[in-house]
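Results of the structural survey
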Amino acid sequence: MKYPAIRNYIGGAFAAADLPGLDVFDPSAGVVISRVPMSGVRELDAAVAVAKRAFPAWSGLPIKERVQVFFRYRALLERHIDELAALVTEENGKIDSEARAEVLKAIELCEFACSLPQIATGEVLEVSRGVECRVERYPVGIVAGITPFNFPSMVPHWSIPNAIALGNCFILKPSEMVPLSAGRIAELLAEAGLPAGVFQVVHGGREIVETICDHPEIRAVSFVGSTKTAKVVYRRATNNLKRCLALGGAKNHLIVMPDADKELAATNIIASMSGCAGQRCMAASVMVAVSATDHVIARMVEIAKAMVPGKDIGPVISAEAKARISGYIAEAEAQGAKVLVDGRNVKVAGRENGYFLGPTIIDHVKPEMKIAQEEVFGPVLVIVRAPDVDAALEVENASPFGNAASVYTESGGVARKVMERASAGMVGVNVGVPVPREPFSFGGWNESRFGVGDITGRGSIEFWTQSKKMTTKWNREAGTNWMS
Ligand code: NAD
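Keep in mind that what you see is a predicted model, and the values were worked out from it rather than measured.

Parameters and conventions
- Residues numbered from 1 in each chain as written.
- Predicted model: local features only at pLDDT ≥ 70, side-chain atom pairs only at ≥ 80, totals over all residues.
- Heavy atoms only, no water.
- Disulfide = S-S within 2.5 Å.
- 1 Å grid on protein atoms, 1.4 Å probe; cavity = no way out; pocket = protein on both sides within 12 Å on 5 of 7 lines; lining within 4 Å.
- Points joined across faces, edges and corners; volume = space filled by probe spheres on them.
- Nonpolar A, V, L, I, M, F, W, Y, C, P; charged D, E, K, R; others polar.
- Core = buried A, V, L, I, M, F, W, Y, C linked by side-chain atoms within 4.5 Å.
- Buried < 20%, exposed > 50% of the residue type's maximum accessible area, 1.4 Å probe, protein only.
- Helix = DSSP H or I, 4+ residues; strand = E, 2+ residues; numbered from the N terminus.
- Contact = heavy atoms within 4.5 Å.
- Near = heavy atom within 4 Å.
- Polar contact = N/O pair within 3.5 Å; in protein donor to acceptor, adjacent residues only side chain to side chain.
- Areas by Shrake-Rupley, 256 points an atom, 1.4 Å probe, with all protein chains shown as cover.
- Sits in = over half its atoms within 2 Å of the grid points.
- Salt bridge = Lys/Arg side-chain N within 4 Å of Asp/Glu carboxyl O.
- Domains from an automatic or database assignment.
- Buried area = accessible area lost by both parts, 1.4 Å probe.

A word on the state of the cysteines. One pass over the full model with this rule turns up zero disulfides. There is no disulfide at C281, and the cysteine sulfur nearest it, in C276, is 10 Å away.

With that settled, consider empty space enclosed by the protein. One pass over the structure, following the stated rule, counts two cavities of 30 Å³ or more. As for the largest cavity, its lining consists of 14 residues, of which G278, A283, A284, S285 and F377 are closest to the centre. Of the residues assigned to the lining of the largest cavity, the class counts are seven nonpolar, four polar and three charged. By volume, the second largest cavity amounts to about 30 Å³. Looking at the second largest cavity, the residues that line it are I6, R7, N8, A15, A16, A17, L19 and P37. Looking at side-chain class alone, the lining of the second largest cavity contains six nonpolar, one polar and one charged residues.

A few words on the nonpolar core. In terms of nonpolar packing, the biggest core is built from 87 residues, with F70, Y73, W158, I164, F170 and F199 touching the most fellow members. Sorting elements by how many residues they give to this core places helix α4 (residues 96–114) first, with nine residues. Apart from residues no more than four positions distant in its own chain, F70 is found in contact with C110, C114, I160, P161, I164, A165 and L189. Core analysis: the second largest hydrophobic core is formed by 65 residues, F149, M257, M307 and V389 among them.

We now examine the site of the ligand. The ligand sits among 27 residues. The nearest are E176, S226, T229, G248 and E375. Contact between the ligand and T147: an oxygen atom at 2.8 Å from a main-chain N or O atom of the residue. One nitrogen or oxygen atom from the side chain of E176 is found 2.6 Å from an oxygen atom belonging to the ligand. Alone, the ligand offers 840 Å² of accessible surface; in the complex the protein occludes 88% of this. Spatially, the ligand is embedded in the largest pocket. For the shell around the ligand, the secondary structure elements donating two or more residues are α8 (206–214) and β10 (220–224).

This part covers unusual backbone geometry. Note the cis peptide between E438 and P439, where omega equals 10 degrees. For C276, which is not glycine, the phi torsion reads 55 degrees and is therefore positive. Following the sequence through the fold, C276 ends up in the loop between α10 (262–274) and β13 (284–290). Here C276 falls in the buried class, since its relative accessible area comes to 7%. The backbone of N446 sits at a positive phi, close to 55 degrees, despite the residue not being glycine. Of note, N446 is situated in the loop between β18 (426–429) and β19 (449–450). Of the residues examined, N446 reaches a relative accessible area of 34% and is grouped as partly exposed.

Another point: the pattern of salt bridges. All told, the structure shown has 34 salt bridges when counted by the stated rule. Residue D18 is joined to R42 by a salt bridge in which the shortest nitrogen-to-oxygen separation is 3.9 Å. Here R42 lies in helix α1 (residues 41–60) and D18 lies in the loop between β2 (13–14) and β3 (21–26), a separation of 24 residues in the sequence. Of the charged contacts, one joins E210 and R206 as a salt bridge, the two residues approaching to 2.9 Å between their closest N and O atoms. Within this pair, E210 and its partner R206 are both found in helix α8, separated by four residues, close to a single helical turn. A residue is classified by how much of its surface remains accessible, and E210, at 21% relative accessible area, is partly exposed.

Our focus in this paragraph is the domain arrangement of the chain. By domain assignment, the chain separates into domain 1 (8–249 + 443–469) and domain 2 (252–400 + 404–429). The distance between the C-alpha centroids of domain 1 and domain 2 comes to 31 Å. Each partner contributes residues to the interface: domain 1 has 22 residues there, and domain 2 has 25 residues. Counting the surface lost from both domain 1 and domain 2, the interface buries some 1900 Å², and carbon and sulfur atoms represent 61% of this. In this assembly, domain 1 and domain 2 are joined by zero salt bridges. Put simply, domain 1 and domain 2 have five residue pairs in polar contact (both at pLDDT 80 or more) between them.

Positionally, I119 belongs in helix α5 (residues 116–119). I119 sits in the partly exposed class, given a relative accessible area of 30%. Setting aside residues no more than four positions away along its own chain, I119 makes contact with F112, R458 and I461.

As structure tokens, then:
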């Protein structure tokens, strides 16, 4: 194995590797590179006990002192970007530019955390003569984050910097398919001066997730993953009276109008559907082609056909994922859809066992087909035809998901209509991946997010803190009224 067996990170040190585990694969070579331990109650109890000891001192520091760790950590991420991006490539398969972009995004998330003292201030008002009300924010306590395979570095950083800077002790449960980055994150946070027990990593699968949801001393859980698991985690955590914010899967619709800028739309849409091999919750999944848009589609086909698997597009995460995605394509074809670009059966020289698929474009898909309704999570774009923008919006609105939607048009009126009527939490105009960047918050609607609020930016401050409302009177002349 290229890497030694992965270990939990508890109390500022890597724990003994004495647990049963699962193989970890390099998706571009299809070979085993490490083993990930499957933790249970004992490991989580150990992490919680250490977090409990660390919490009073960490939460007692002023926020301006806490964020100093993230100034230093941000510099370390920058210094180690080559190594961190290489780890992401190794465990997830992303091409180098995508892996670097992921670490750069982690850096941006740290920058937001560094700004928290400026924006997470309390409030104070003299509510009647001599009587002041003030609101102060307090951390929630011991909290946990459960993350998916598609962003081994960025998605953990959606929660880690804000939760910790706001005074919580954080336990990360990374995806068992991509467990390498987490250990390095732990080491760099320690090097940046984070006290032992404030950030810990407990690896595993379903059992440890359920244990986190059940643990009486974990007060809040952020989850990112598929809708199926998001529902399980949200129900279980809230049933145990915890705060939970659970982000689920997606089926993002891009509406293309006949007046769209051909080159801009075609390049953006292919980049959106094929970036990270289509394994992004913000990826273009359904193009709703309104009226005369064949010229845009023809250009998209040219761009997709010119892409080189292994160079411009990495593998999908596993052999099972490749088989599942290929199955969706075959079923749509059998139902009469037209495969314009077929990414099945691609071969990458020297990496014949990697899980590669090329970009795939399927036209004349009916909205009721499975491939138009379910999340495929691969480099596959389906095209549904619509006569006008209202019909296009009907297709978008019918999806149970609601992460992102976009429109390509030169008309401000049409753009505004889509911005208002799309049933999605993040909407783009002439933008293929409408991710709101800091300080704006990330979060979808409908079955793409369960819980209140967003996971990043200002929205996350509410989730990772609880407010205390205080009323004070020091001025005896204030007299007596109904508040006395
Ligand atoms: P997943 O739901 O299979 O796994 C996510 C996490 O849940 C992992 O840590 C995994 O160990 C755990 N898990 C899996 N099955 C479980 C079960 N039955 N019980 C308890 N825990 C379980 O998701 P994935 O395949 O790793 O990631 C891809 C999915 O994540 C896609 O659906 C994608 O859209 C979604 N995603 C969403 C966002 C968003 O912002 N909405 C962002 C990234 C990824």
